[in-house]
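# Coordinates in review
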Amino acid sequence: MSRSLLLFFAALAGACVSVSPVHARTVEFDLSTATVADIQAAMDAGALTSEKLVGLYLARIDAFDTKGPALKAFLHVNPRALEEARVLDAERKSRGPRGPLHGVAVVLKDVFDTYDMPTTGGYLPLKDVKPSKDAFVVRRLREAGVVILGKTNQSDWYAAPPIIAASTIGGNTLNPYDLSRTPGWSSSGTSAALAAVLGTIGLGSETGFSIRTPTSDGNLYGLASTSGLISRDGMMWSYVTGERGGPMARSVFDLAATLDAIAGFDTFDLWTAQSLGKMPEKRYVDFVDSRGLRAARIGVLKEAWDYGPIEPEVAELTEQALAVLPKAGAIVLRPVSLGLDLRQYLAANVGPSRWERVHAVNHYLARQGPEYPFKNAAELLLDHPGVPGRPADRESLVRPPDLDRDPEYRATLVGKAALQKAVLALMDEHRLDALVYPHRLRRAEKLGQPRPSNDIYNRTIQLSPITGFPALVVPMGLTPDGNPVGLEFLGRPWSEPTLVRLAAGWEATAGAVRILPSTTPALPGERFTYTPASTQP
């Protein structure tokens, strides 16, 4: 072979090396679909920084929360968010990331104390009031390296506005999927913020249905955990024996990564001592498995269909969702039944929070410093001109419940224990990994409706908050008119690993049930391609 041909083939070989598939591979980043893992991969490759990520979210907040449809998801946006992101970027560069949440942005329902931002519960008398220190879960998130993007709107924690799901500071939050509807009740701002991609992950809290319903109405994944898994220290609460904070997210991995950061024992909330020895030895993200439904035994709870009114389009969407389970390899038993009129039972055995609320409020106030403007529940809850109070709060303050001996309160605890026993017996009988049912068989509530005079907690199935058993809501998709609805998996106590596994199997099988709302479209710069760190020369 001539020397000229040898040189030609050598040059050709060199050219092939320079454009080899390994080096030419690129990844597309899309803010609306990016998981925490996707964000970390882009940051590892140098294609994204926390500062840039936070800037993208702030641009969306300006475009869609402040302007545009004016969702009113936020009560307070952190003015130091970009500065905090730059500090985390410098730390990443010098020492590497702290973990999977390093540099991502969290939105917090405004019941979680933040020492550097107001914590109001949406309650006008607390406007601009800063607590003395961070809530336990907020401290945990900061230690994990998150940027707290802001505090979200909600149903008023202490007042009773005349319309549903409103606060006396921020009014109603709008549902980005349907601007004529709410995005759930109490954690509504977190729901809207995540649905509209105004942050990476979020926290909600639940007395009755305030993680699960906003999750369902926001087309999200949300976990109301086993009572005692997550500390309530520094969280406004009403339900001493059952209140829960929990993660809300756009993916199962993000939910699990958030749970890893916030779950666990806290000496300032000894209710969490129940979790000792019950948490998995592995991380919750280790249970994210795309085959998670395979061979799972799941019972479809008959009593869930007693919670009307039933909207036909939601019932049809539910049937389509339930059909996904056996296709993914699950063993589905339908129906399974508790053998009781669950709606009537729960109406007769109301949640203990009715008796515990004032005690919980006083406990929250006792952790605040001397500069806090309210020293006890009576000062906080009563006699603020122009702020509609709750008659039940006044009654409890006039005649404080005796939690040791009140016969009605003790009866609710007996009813709670009986329901726990019945649910576990049903699951044992059929050897179930979880019960499943539609979170509810209707779309989100319309804005501007009057606050119902009847017990709002009996309008949606309340197995999880009354029993304290964990429930994970996944998105079923959208009704023909574009409204999201969620499917709820209820597990045994401390079965969060199982629920994460089932939800991950659902996520991998159900297809594109999550879409960006048309009212909050992508903005310039939110989509780009980059070369992953592992394939860079």
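Residues numbered from 1 in each chain as written. Predicted model: local features only at pLDDT ≥ 70, side-chain atom pairs only at ≥ 80, totals over all residues. Heavy atoms only, no water.

## So, the packing of helix H4 (residues 50-66) against helix H5 (residues 81-95)
Filter applied, for reference: Note on definitions: angles span 0 to 180 degrees between N-to-C directions of axes, and those axes are lines fitted to C-alpha atoms, for helices only across the stretch in contact. Every helix listed is a DSSP run of H or I at least four residues long, and every strand listed is a run of E at least two residues long, numbered separately from the N terminus. Reported orientations rely on four angle classes, namely roughly parallel under 35 degrees, roughly antiparallel over 145, roughly perpendicular from 65 to 115, and oblique for the rest. Crossings are sorted by hand: turned counterclockwise from the far helix by less than a right angle, the near helix makes the crossing left-handed, and turned clockwise it makes it right-handed. Two residues form a contact once any of their heavy atoms are found within 4.5 Å. Residues are grouped as follows: nonpolar covers Ala, Val, Leu, Ile, Met, Phe, Trp, Tyr, Cys and Pro; charged covers Asp, Glu, Lys and Arg; every other residue, Gly included, is treated as polar.
Two elements in contact, H4 and H5, have axes whose closest approach is 7 Å; the angle formed by their N-to-C orientations is 155 degrees. Considering the angle they form, H4 stands roughly antiparallel to H5. In the crossing of H4 with H5, the sense of the turn from one axis to the other is right-handed. Contact with H4, carried on its side by Ser 50, Glu 51, Val 54, Gly 55 and Leu 58, involves Ala 81, Leu 82, Ala 85, Arg 86 and Asp 89 of H5 and no other residues of that element. Classifying every residue of the contact of H4 with H5 by side-chain character gives five nonpolar, two polar and three charged.

## Quick look at the nonpolar core
Short version of the rule: Side-chain atoms within 4.5 Å link the members of a nonpolar core, which is a set of buried Ala, Val, Leu, Ile, Met, Phe, Trp, Tyr and Cys residues. Using a 1.4 Å probe on the protein chains alone, a residue whose accessible area is under 20% of its type maximum counts as buried, one over 50% counts as exposed, and one in between counts as partly exposed.
Membership of the largest hydrophobic core comes to 118 residues, with the highest contact counts inside it found for Leu 101, Tyr 158 and Phe 489. Setting aside its immediate chain neighbours within four residues, Leu 101 contacts Val 36, Gln 40, Leu 141, Ala 144, Gly 145, Val 146, Ile 201, Ala 257, Thr 258 and Ala 261. Leu 333, Leu 346, Val 423 and Met 427 belong to the second-largest nonpolar core, a separate cluster that totals 21 residues.

## With respect to the side chain of Gln 154
For clarity, the cut-off: In protein, a polar contact means a hydrogen-donor-capable atom and an acceptor-capable atom, both N or O and within 3.5 Å, with residues adjacent in sequence counting only if both atoms are side-chain atoms; elsewhere, any N or O pair within 3.5 Å suffices.
Take Gln 154: it is sitting in the loop between strand S4 (147-152) and strand S5 (166-167). A distance of 3.3 Å separates the side chain of Gln 154 from the backbone nitrogen of Asp 110, its partner in a polar contact. A distance of 3.3 Å separates the side chain of Gln 154 from the backbone oxygen of Gly 121, its partner in a polar contact. Those residues within four positions of Gln 154 in sequence are excluded, and the remaining contacts are Lys 109, Asp 110, Val 111, Gly 121, Gly 122, Ala 165, Ala 166, Ser 167, Ser 186 and Ser 188.

## Overview of the sheet that holds strand S8 (residues 221-224)
Heads up, the condition is: When DSSP finds at least two bridges between two strands, those strands are taken to pair.
Pairing within the open sheet is mixed, and its 11 strands lie in the order S2-S4-S3-S7-S9-S8-S13-S14-S12-S10-S11. Of all the strands in the sheet, just strand S2 (74-77) and strand S11 (331-336) have a single pairing partner and so form its edges. Across this sheet, the average inter-strand angle for adjacent strands is 25 degrees, counted without regard to direction. Examined bridge by bridge, strand S7 (residues 201-206) and strand S9 (residues 244-249) share five bridges and lie antiparallel to one another. Counterpart to Gly 204 in the pairing with S9 is Gly 246. Running at roughly 10 degrees to strand S13 (residues 471-478), helix H17 (residues 496-510) makes contact with S8, strand S10 (297-301), strand S12 (434-438), S13 and strand S14 (484-490) of the sheet.

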